[in-house]
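Here is what each chain is made of, one letter per residue.
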Amino acid sequence: MAEWRQYYQNEDDEVEEDEEDSGGDYKISGRDSLVFLVDASKEMFIKSEDGETSNFDMTMQCVRSVYTSKIISSDKDLVALVFYGTEQSKNPRNSFKHVYVYHDLDSPGSQRVLDIDKLLGEKGAQFAEKTIGSGETSLGEALWCCSNLYSDIKLRLSHKRLMIFTCRDDPHGGDGAKDRQARTKAADLKETGVVIDLMHLTKPGGFDVSLFFCDIVSPPEDESELGLQIEPCRKLEDLQKRVRAKELKKRSQSRLTFSLGEGVNLAVGVYVLARTATKPSAVKLHRDTNEPVRTKTRYFHAHNGGILLPNDMKRAQVYGKKQIVMEKDEVDEIKKFDDPGLVLMGFKPMDRLKLHHHIRPALFIYPEEEQISGSSCVFTALLLKCSEKNVFALCRYIPRRNTPPRFVALVPQREELDQSQTQATPPGFNVIFLPFADDIRTLDAHVGPTASDEQVDKMKEIVHKLRFKYKSDSFENPVLQQHYRNLEALALNMLEPEPIEDLTTESGGGAAEKKPKAEISEEELKNHVANSTLGKLTVPVLKDACKQFGIRTTGTKKQELIDALTMQLSK
């Protein structure tokens, strides 16, 4: 007989099951799809004022970044690249003039990344001029072509998004017929569930969104969604930041009912804000054909060798050297405590929540107005009151059916905006898991020798010298980065992988310190501070910036340099 625990759901694994049916009818299915619709007019190839990159080159770098990240994080998603305003035409059945489908809607791969590499830099601009060229513009034709790309896909798509990259705020030059056609096709796309976003780029005289594109793009999907940005993207970092914020659909792990008392219910979505990033598991291949192999598990009778079906097996638990046998229905009944959801038990002061109570990563909840009308209003009132009174809500949490309950603390989190008035921290409750009495262990502390006052003072000096402001988003996992660099080098036929910067070393720069000095302007530094991207700069660049602006630092560690620059430039 199988051990009972083999059939019992491990509650610690529930964070890993983002797409599990979580207590209701809500389940994520299908694939995400993303179409890049890029303007190929001559204006896109004009280099910026600093003479470094053109809008077209910056767009291609951003598209390449999305391709490579999709390969790593979600290779099942579908991505397409379409140019409009081209001289050459290439699309299904060649039905649309001046529209060039560079990549059909399909899963990203290494060959597609190599195709994008051909469009990068000065040589890329020359290759694009020979291959696609620049001609007349009809955004309506391009949108119609993109609509056909979606309709030709037989797979089930869970989310459809189209991003327009352009530096022209009036692409048709005042042609009313083409404007009307574009608006009509955009409305048709939006009716079929396609979300249209505008990634407008800088142009002389400024980009006027209200001139044409305000009628093309989709409105924000919810309150947390960034709307149409007024300011155009001037730097690659700005463009990548906006694309990353838009390309991924915000998905809840589950949608649950939050009961505040008898007859007072609201709907909330449960989100995972942080999870351990791991290497993807290896795929087993057939030795001769390199085809993926599938693993199947079969249970056989110990005596006669017959195959056992699930209904042929029972569950057992050993208690007092006696085997307690149970049917599957009995095990399910024992595991069932109540229906999935959150139930408010009461409130406690924040000082009652201890750091050592942390037993697993926290979750985040946000109201779901579509499920129960009025949820946002009640949720906001509860959030404000808990924040004002400095208390947390103590709740019973059951994530899904047949899962044991847990006590959780709902810690309020107010909304925070950055310098550009963009949401940096969303409003909601952090779900902190609390231990049961059975989970708390009493340890017998080992009595060791007592340090002298001189030793204590010396250790205080060491601790003080090594202190710095730690931010987890400033450090990447060097093992994962090196792993993906190696895979990228093999897939793209590179001679050697790109070097990584190991931010966990004492120098914080690794091999990057051997690079020649690079000057950086004050405006660029302020942009890095506003976008919290100073961590991308190397230690030598940060040191030179500190010397350039007369900023004195108490140490040479990367985070200390970042803190000093942030403090000085934020004044």
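Positions within a chain are numbered from 1, following the residues in the order the chain's sequence is written. Since the coordinates come from a predicted model, pLDDT governs what is reported: local features require at least 70, and pairs of side-chain atoms require 80 or more to be given and counted, while whole-chain, interface and lining totals use all residues. Side-chain numbers here rest on the full set of heavy atoms in the structure, without hydrogens or water.

(A) Broad picture of a nonpolar patch on the surface. The patches reported here contain residues having more than 30% relative accessible area and no salt bridge. Joining distances are 9 Å for like charges and 5 Å for nonpolar side chains (Val, Leu, Ile, Met, Phe, Trp, Tyr). Surface exposure here means Shrake-Rupley accessible area, sampled with a 1.4 Å probe, where a residue is shielded only by the protein chains that are shown. When a carboxyl oxygen of Asp or Glu is within 4 Å of a side-chain nitrogen of Lys or Arg, the pair counts as a salt bridge. A contiguous nonpolar surface patch, about 370 Å² in accessible area, is contributed by Met 459, Ile 462, Val 463 and Leu 466. Note on conventions: DSSP H or I runs of at least 4 residues are helices, E runs of at least 2 residues are strands, and numbering of each starts at the N terminus. Looking at the secondary structure, you find Ile 462 in helix 9 (residues 453-466).

(B) Examining the sheet that holds strand 16 (residues 406-413) more closely. Taken in spatial order, the seven strands close into a barrel running 7-8-14-19-16-15-13, and their pairing is mixed. Neighbouring strand axes in the sheet, compared pairwise and without regard to direction, differ in orientation by 40° on average. In this description, contact between two residues means that some pair of their heavy atoms is separated by no more than 4.5 Å. In this analysis, axes come from line fits to C-alpha atoms, helices being fitted only over the stretch in contact, and the angle between any two N-to-C directions falls in the range 0 to 180 degrees. Taken strand by strand, helix 8 (residues 375-389) contacts strand 7 (254-261), strand 8 (264-271), strand 13 (341-349), strand 14 (363-367), strand 15 (391-398), strand 16 and strand 19 (428-433), and its axis lies near 70° from that of strand 19. By definition, two strands form a pair when at least two bridges between them are found by DSSP.

(C) Inspection of the state of the cysteines at higher detail. Whenever a pair of cysteine sulfur atoms sits within 2.5 Å, that pair is classed as a disulfide. Tallying each qualifying case throughout the model produces zero disulfides. We note that Cys 395 lacks a disulfide partner, and the nearest cysteine sulfur, in Cys 386, lies 8.9 Å from it.

(D) Quick look at the pattern of salt bridges. Under the definition given, this model contains 13 salt bridges. Between Asp 169 and Lys 203 there is a salt bridge, with the nearest N and O atoms lying 4.0 Å from each other. Here Asp 169, found in the loop between strand 5 (157-166) and helix 5 (176-191), pairs with Lys 203, found in the loop between strand 6 (194-200) and helix 6 (236-247); they are 34 residues apart in sequence, far enough to count as distant. Of the charged contacts in the structure, one is a salt bridge between Arg 396 and Asp 338, with a shortest N-O distance of 2.9 Å. In this pair, Arg 396 sits in strand 15 while Asp 338 sits in the loop between helix 7 (328-335) and strand 13, placing the two residues 58 residues apart along the sequence. Partly exposed residues are those whose accessible area sits between 20% and 50% of the maximum for their type, while under 20% is buried and over 50% is exposed, using a 1.4 Å probe and protein chains only. Classification of Asp 338 by relative accessible area gives partly exposed; the value is 31%.

(E) How the structure looks around the sheet that holds strand 5. Across the sheet, which stays open at both edges, the five strands sit in the order 4-3-2-5-6 with mixed pairing between neighbours. Bordering the open sheet on either side are strand 4 (99-106) and strand 6, each of which pairs with just one other strand. Adjacent strand axes in the sheet meet at a mean angle of 15°, parallel and antiparallel pairs treated alike. Relative to strand 3 (residues 78-84), strand 2 (residues 31-39) runs parallel, the two sharing seven bridges. Looking at the pairing, Val 35 lines up with Ala 80 of strand 3. In the packing of helix 2 (residues 110-117) onto the sheet, contacts are made with strand 3 and strand 4, and the angle to strand 4 comes to roughly 155°.

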